[in-house]
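Observations on the three-dimensional arrangement
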Amino acid sequence: PQDVISTAEFKKMHRTAEKLFEESRDGDSLYFYKDYPEKNIRLIGMDCMDVPEIVNADGTLKYGKQGPFGFRQEQFDWLVSDALNVDENMHVVITTHAPLNSEASTYDDGWVEEHFNFEQMVSLLQAFQSGEKITLIGTVEDFEINVTADFSTQGARTLVGVFCGHSHRETIDDKGTFKVVRCLSSRYSDPATVDTLLEDAWTVIAVDTANRHVDLIGFGRATNRSIDY
């Protein structure tokens with residue numbers, strides 16, 4: 001544990017308790033939301049690396065800091081009670097680090113990156129969209145959840161999409177009622193691109209709420225794309 005940055009240290013570095021951008025958090029959590037009422041936008045930042053810091057008998061961490069990924073009960077409760085309670089005119093944009101694919105990812109070196117409660121998170125967001133009641137159960141050890149969300153009184157709401165990175169590639173994954181957009185990162189290993197525009201990659205997400213359209217404006221290696229919602 002002493003060889004990695006702890007969650008408490010990470011919060012201190014990012015000064016989450018100070019809420020520098022007047023955002024709303026669950027205490028000093030690494031997940032947040034911020035409203036832009038003049039644009040009818042609520043931006044929610046979810047923490048998909050919501051992993052317990054459990055120490056094994058030999059002194060090592062049970063879970064690493066770059067996988068597995070997961071969402072736990074406290075964050076689900078906050079989403080249900082706070083972040084996903086929005087006026088009907090608001091369009092919700094969600095960001096997180098990793099895409100919401102529920103299956104584990106296996107890499108060439110044999111490392112398996114597990115994703116806990118990702119499927120349940122997709123179901124929660126779909127219930128938010130449709131204005132329905134849903135109960136979500138997760139039984140994986142250390143990631144147990146029991147969540148009941150009733151959006152029937154609030155009614156159907158608008159989710160623009162979920163925007164993420166992690167995979168170092170550009171894709172648009174269709175979850176049926178919303179899309180998960182993966183964006184390129186600045187990290188790149190091709191020496192030929194050093195000191196050129198292609199060394200970098202970033203994307204501007206431009207939301208047109210009137211036409212329910214998103215332009216993804218790419219810079220460097222990133223390309224121009226678009227989605228409707």
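Look up a bit, the structure's there.
The following refers to the structure shown. (Residues numbered from 1 in each chain as written. Predicted model: local features only at pLDDT ≥ 70, side-chain atom pairs only at ≥ 80, totals over all residues. Heavy atoms only, no water.)

Remarks on the overall build of the protein
- Assigned secondary structure in the protein consists of three helices and 16 strands.
- Since a compact globule built from 229 residues should have a radius of gyration of about 17 Å, the 18 Å found for the protein is in line with a globular shape.
- In terms of its C-alpha atoms, the protein occupies a principal-axis envelope of roughly 50 × 45 × 35 Å.
- The burial tally for the protein puts 41% of its 229 residues in the buried class.
- Total accessible area computed for the protein in this model is approximately 12400 Å², and 48% of it derives from carbon and sulfur atoms.
- Averaging the locations of the 21 positively and 39 negatively charged side chains of the protein gives two centres separated by 3 Å. (Helix = DSSP H or I, 4+ residues; strand = E, 2+ residues; numbered from the N terminus. Rg over C-alpha atoms; globule rule 2.2 N^0.38 Å. Buried < 20%, exposed > 50% of the residue type's maximum accessible area, 1.4 Å probe, protein only. Areas by Shrake-Rupley, 256 points an atom, 1.4 Å probe, with all protein chains shown as cover. Lys, Arg positive; Asp, Glu negative; His and termini not counted. Charge placed at Lys NZ, Arg CZ, Asp CG, Glu CD.)

As for the packing of aromatic side chains
- According to the stated counting rule, one finds eight aromatic pairs in the structure shown.
- With a centroid separation of 6.4 Å and 75° between ring planes, the pair formed by Phe-71 and Phe-76 is classed as edge-to-face.
- Phe-71 gets classed as buried once you look at its relative accessible area, which sits at 0%.
- Measuring from centroid to centroid gives 4.3 Å for Trp-202 and Phe-219, while their planes differ by 10°, and the two rings are stacked. On the criterion of sequence distance, the pair formed by Trp-202 in strand β14 (residues 201–208) and Phe-219 in strand β15 (residues 213–220) is long-range, its members being 17 residues apart.
- Put simply, the rings of Tyr-31, Tyr-33 and Trp-78 touch in pairs and so form one group of aromatic residues.
- Across the ring face of Tyr-36, the terminal group of Lys-34 is positioned such that the distance to the ring centre comes to 5.4 Å. (Phe/Tyr/Trp six-rings, centres within 6.5 Å; stacked < 30°, edge-to-face > 60°. Lys NZ or Arg CZ within 6 Å of the ring centre and 35° of its normal.)

Quick word on the pairing of β14
- Of the strand pairs in this sheet, β14 and β15 are connected by eight bridges, and their pairing is antiparallel. Bridge pairing in β15 links Val-204 to Ile-217. (Pairing = 2+ DSSP bridges.)

Brief notes about the pattern of salt bridges
- Scanning the entire structure with this criterion turns up seven salt bridges.
- A salt bridge links Arg-42 to Asp-35; its shortest N-O distance comes to 2.6 Å. (Salt bridge = Lys/Arg side-chain N within 4 Å of Asp/Glu carboxyl O.)

Quick notes on the state of the cysteines
- Applying the stated criterion across every chain, the model contains zero disulfides.
- Looking at Cys-48, it has no disulfide partner, and the nearest cysteine sulfur is the one in Cys-164, 8.2 Å off.
- Overall, the relative accessible area of 1% leaves Cys-48 in the buried class.
- Free of any disulfide, Cys-164 has its nearest neighbouring cysteine sulfur in Cys-183, separated by 7.1 Å. (Disulfide = S-S within 2.5 Å.)

What to know about the nonpolar core
- The biggest cluster of nonpolar side chains holds 37 residues, and the ones touching the most others in it are Ile-44, Leu-79, Leu-100 and Leu-124.
- Going through the elements one at a time, α2 (73–83), β5 (91–95), α3 (118–130), β9 (133–138), β10 (145–150) and β11 (158–164) are the ones with two or more residues in this core.
- For this core, the element with the most residues is α3, which contributes seven residues.
- Residues within four places of Leu-100 in sequence aside, it is in contact with Phe-71, Phe-118, Met-121, Val-122, Leu-125, Val-162, Lys-175 and Val-180. (Core = buried A, V, L, I, M, F, W, Y, C linked by side-chain atoms within 4.5 Å. Contact = heavy atoms within 4.5 Å.)

Some thoughts on a nonpolar patch on the surface
- Taken together, Trp-202, Val-204, Ile-217 and Phe-219 make up a surface patch of nonpolar side chains, about 330 Å² in accessible area.
- Mapped onto the nonpolar patch, the elements with two or more residues apiece are β14 and β15. (Patch = residues over 30% accessible without salt bridge, like charges linked within 9 Å, V, L, I, M, F, W, Y side chains within 5 Å.)

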